[in-house]
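# Summary of the model geometry
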2 protein chains.
Amino acid sequence: MTPQAATPAYRRLSVEERRRQLLDAALSLFAHRAPEDVSLDDVAEAAGVSRPLVYRYFPGGKQQLYEAALGSAADALRQCFDEPRQGPMLARLARALERYLAFVDEHDTGFSALLRGGSVAETSRTTAIVDGVRRAAAEHILSHLGAADAGPRLRMTVRMWITAVEAASLIWLDEGKQPPADELRDWLVDQFVAVLSVTAARDEQTAALLGAFAPDDRD
Amino acid sequence: MTPQAATPAYRRLSVEERRRQLLDAALSLFAHRAPEDVSLDDVAEAAGVSRPLVYRYFPGGKQQLYEAALGSAADALRQCFDEPRQGPMLARLARALERYLAFVDEHDTGFSALLRGGSVAETSRTTAIVDGVRRAAAEHILSHLGAADAGPRLRMTVRMWITAVEAASLIWLDEGKQPPADELRDWLVDQFVAVLSVTAARDEQTAALLGAFAPDDRD
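These figures come from a predicted structure and were not determined experimentally.

Parameters at a glance
- Note on numbering: residues in each chain are counted from 1, in written sequence order.
- Whichever chain is written first becomes A and whichever ligand is written first becomes 1, with later ones labelled in order.
- The predicted nature of this model means local features are confined to residues of pLDDT at least 70 and side-chain atom pairs, given and counted, to a pLDDT of 80 or more, with totals for whole chains, interfaces and linings taken over all residues.
- Each side-chain value is derived from all of the structure's non-hydrogen atoms; neither hydrogens nor water enter the calculation.
- Note that the domain bounds reflect an automated or database-derived domain assignment.
- By the convention used here, residues are in contact when the closest approach between their heavy atoms is within 4.5 Å.
- Here the quantity called buried area is the accessible surface, traced with a 1.4 Å probe, that two parts lose on coming together, added over both.
- For this document, the term salt bridge refers to a Lys or Arg side-chain nitrogen within 4 Å of an Asp or Glu carboxyl oxygen.
- Identification of polar contacts relies on pairs of N or O atoms within 3.5 Å, with a donor-acceptor requirement for protein atoms, meaning one able to donate a hydrogen and the other able to accept it, and with residues adjacent in sequence counted only if both atoms are side-chain atoms.
- Put simply, DSSP marks the helices as runs of H or I at least four residues long and the strands as runs of E at least two long, and each gets a number from the N terminus on.
- For this scheme, ten residues count as nonpolar: Ala, Val, Leu, Ile, Met, Phe, Trp, Tyr, Cys and Pro. Four count as charged, namely Asp, Glu, Lys and Arg, and the remainder, Gly too, count as polar.
- Three exposure classes are used, based on accessible area relative to the maximum for each residue type with a 1.4 Å probe and protein chains only: buried under 20%, partly exposed in between, and exposed over 50%.
- Alignment of copies: least-squares fit on C-alpha atoms of residues with pLDDT of at least 70 in both copies.

### Re the domain arrangement of chain A
Residues and elements named next belong to chain A. By domain assignment, chain A separates into domain 1 (3-63) and domain 2 (72-212). Centre-to-centre separation of domain 1 and domain 2, based on C-alpha positions: 31 Å. Contacts between the two partners involve eleven residues from domain 1 and, on the opposite side, 13 residues from domain 2. Roughly 860 Å² of surface becomes buried between domain 1 and domain 2 when both sides are summed, with 59% attributable to carbon and sulfur atoms. Taken together, domain 1 and domain 2 are joined by zero salt bridges. At the boundary of domain 1 with domain 2, the tally comes to six residue pairs in polar contact (both at pLDDT 80 or more). Ranked by residues supplied to the side of domain 1 that touches domain 2, first place goes to helix H2 (residues 15-32) with six residues. The residue inventory of the side of domain 1 that touches domain 2, partitioned by class, reads six nonpolar, two polar and three charged.

Following this line, the structure appears as structure tokens:
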């Protein structure tokens, strides 16, 4: 698509639609390249608009666009965690993990560049967005466990497991997405049960929760 | 100490000694403040030298000093992992963790600022230094396990556990260093055994290793 061909189209889009279109173009570029390898010209070309138009919507340039795309990816990730509060607990966790791994698969390079740190586009704002997703994941899990009031040991266990899942995702991308996503998913669910069991030996709240779902209630 | 009082002293130091002295002063400042809250004047004052002298040794200014201090902290961390290859495996792991947690305790704010990311001082070089320590930790563990040739599942398990330990350290600092370091140490060792056991059900190499040390050989 050339900027010329796209010009008539942008007249038909509302401000919000145009913004969304630019963000989607940016997100798909940032998903597969490190931020330093994406230029505003690339974004303009992918969206089929002119560079000045991109600047009109994102006067802060690439950094602003990157942060907006990241915010949009963070929203998509949060949606992965949405899971009806019914049925066996571990089956819910497995489904959320499945959606999460599909997200990682789809946004591989960008996901990896973001979480590895040290990128030129990384700021305290981007770190805060990522931390917000981690916190949301922990709250989702605790809420499904019926432990929104979790004590420090249970909370720490859940947060450690979430970090381990992140590490697994990065290694998984490095290893050419091996083992297959469904095996990785089941392995991570089993690790969750295993670390909760370790904590249960030290923490009554965790022990009570663990009793409430059978370790093999996944199927 | 004032710069005047220190001037005679620096004539007696060799270049290497002076560099070491400046690095030690920087490291102790960076240990307890975020990099953006440390100025070159602070470092000069802490070392009892003039600001131009600091620049003579570190012409790249604060960033260069930060990276050098980080490199020095990374060496200290690597020393935490040095452990004689004798005695029960989990006792070795517990001793290495104990030294690691003492390091985290001593460098609390700097450790936290570094690992949380998004700091102005974070670059691809600082990220590479931190990743180097993570890799060294993984290699130490695999080598103690007699599995320098570890397959992907065992390697992934060890790396995930190391990331979980890092996350635990950060949460531990946030929680006012609770639970006490020795409890956290034992909890982390138990988690290591638990996640290895989960992997053992999927990986023969891990199963064989796990059989080689009793889960309660720590004492």
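### Section: the pattern of salt bridges
Tallied over the entire structure, the rule returns 32 salt bridges over all chains. Glutamate 166 of chain A serves as the salt-bridge partner of arginine 134 of chain A, at 2.5 Å between the closest nitrogen and oxygen. Of this pair, arginine 134 of chain A sits in helix H8 (residues 124-144) while glutamate 166 of chain A sits in helix H9 (residues 152-174), placing them 32 residues apart in sequence. On the basis of relative accessibility, which here comes to 28%, the residue arginine 134 of chain A falls in the partly exposed class. Close ionic contact of glutamate 83 of chain B with arginine 99 of chain B constitutes a salt bridge, the shortest N to O distance being 2.8 Å. Of this pair, glutamate 83 of chain B sits in the loop between helix H5 (61-81) and helix H6 (89-106) while arginine 99 of chain B sits in helix H6, placing them 16 residues apart in sequence.

### Points about the relation of the copies chain A and chain B
For the pair chain A and chain B, the superposition axis carries a translation of 0.0 Å, the fit reaches an RMSD of 0.0 Å, and the rotation angle comes to 180°. Considering both components of the superposition, the chain copies are consistent with a two-fold axis. Residue by residue, 100% of the interface of chain A is reproduced at the interface of chain B, so both copies engage with the same surface.

### Comments concerning the interface of chain A and chain B
Tallying the contact residues gives 34 residues for chain A and 35 residues for chain B. For the pair chain A and chain B, the summed buried surface comes to about 2900 Å²; carbon and sulfur atoms form 66% of the total. Among the residues chain A hides against chain B, the three largest losses belong to Met156, Met160 and Trp187 of chain A. Together they make up 25% of the total. In this structure, the connection of chain A to chain B is made through four salt bridges. Note that aspartate 190 of chain B and arginine 202 of chain A form a salt bridge whose closest N and O atoms lie 2.8 Å from each other. The tally of links from chain A across to chain B stands at eight residue pairs in polar contact (both at pLDDT 80 or more). Of all elements in the fold, only H8, H9 and helix H10 (181-200) of chain A reach the threshold of two or more residues within the side of chain A that touches chain B. Ranked by the residues each element gives to the side of chain A that touches chain B, the list is headed by H9 of chain A, at 13 residues. Tallied by class, the residues present in the side of chain A that touches chain B amount to 15 nonpolar, nine polar and ten charged.

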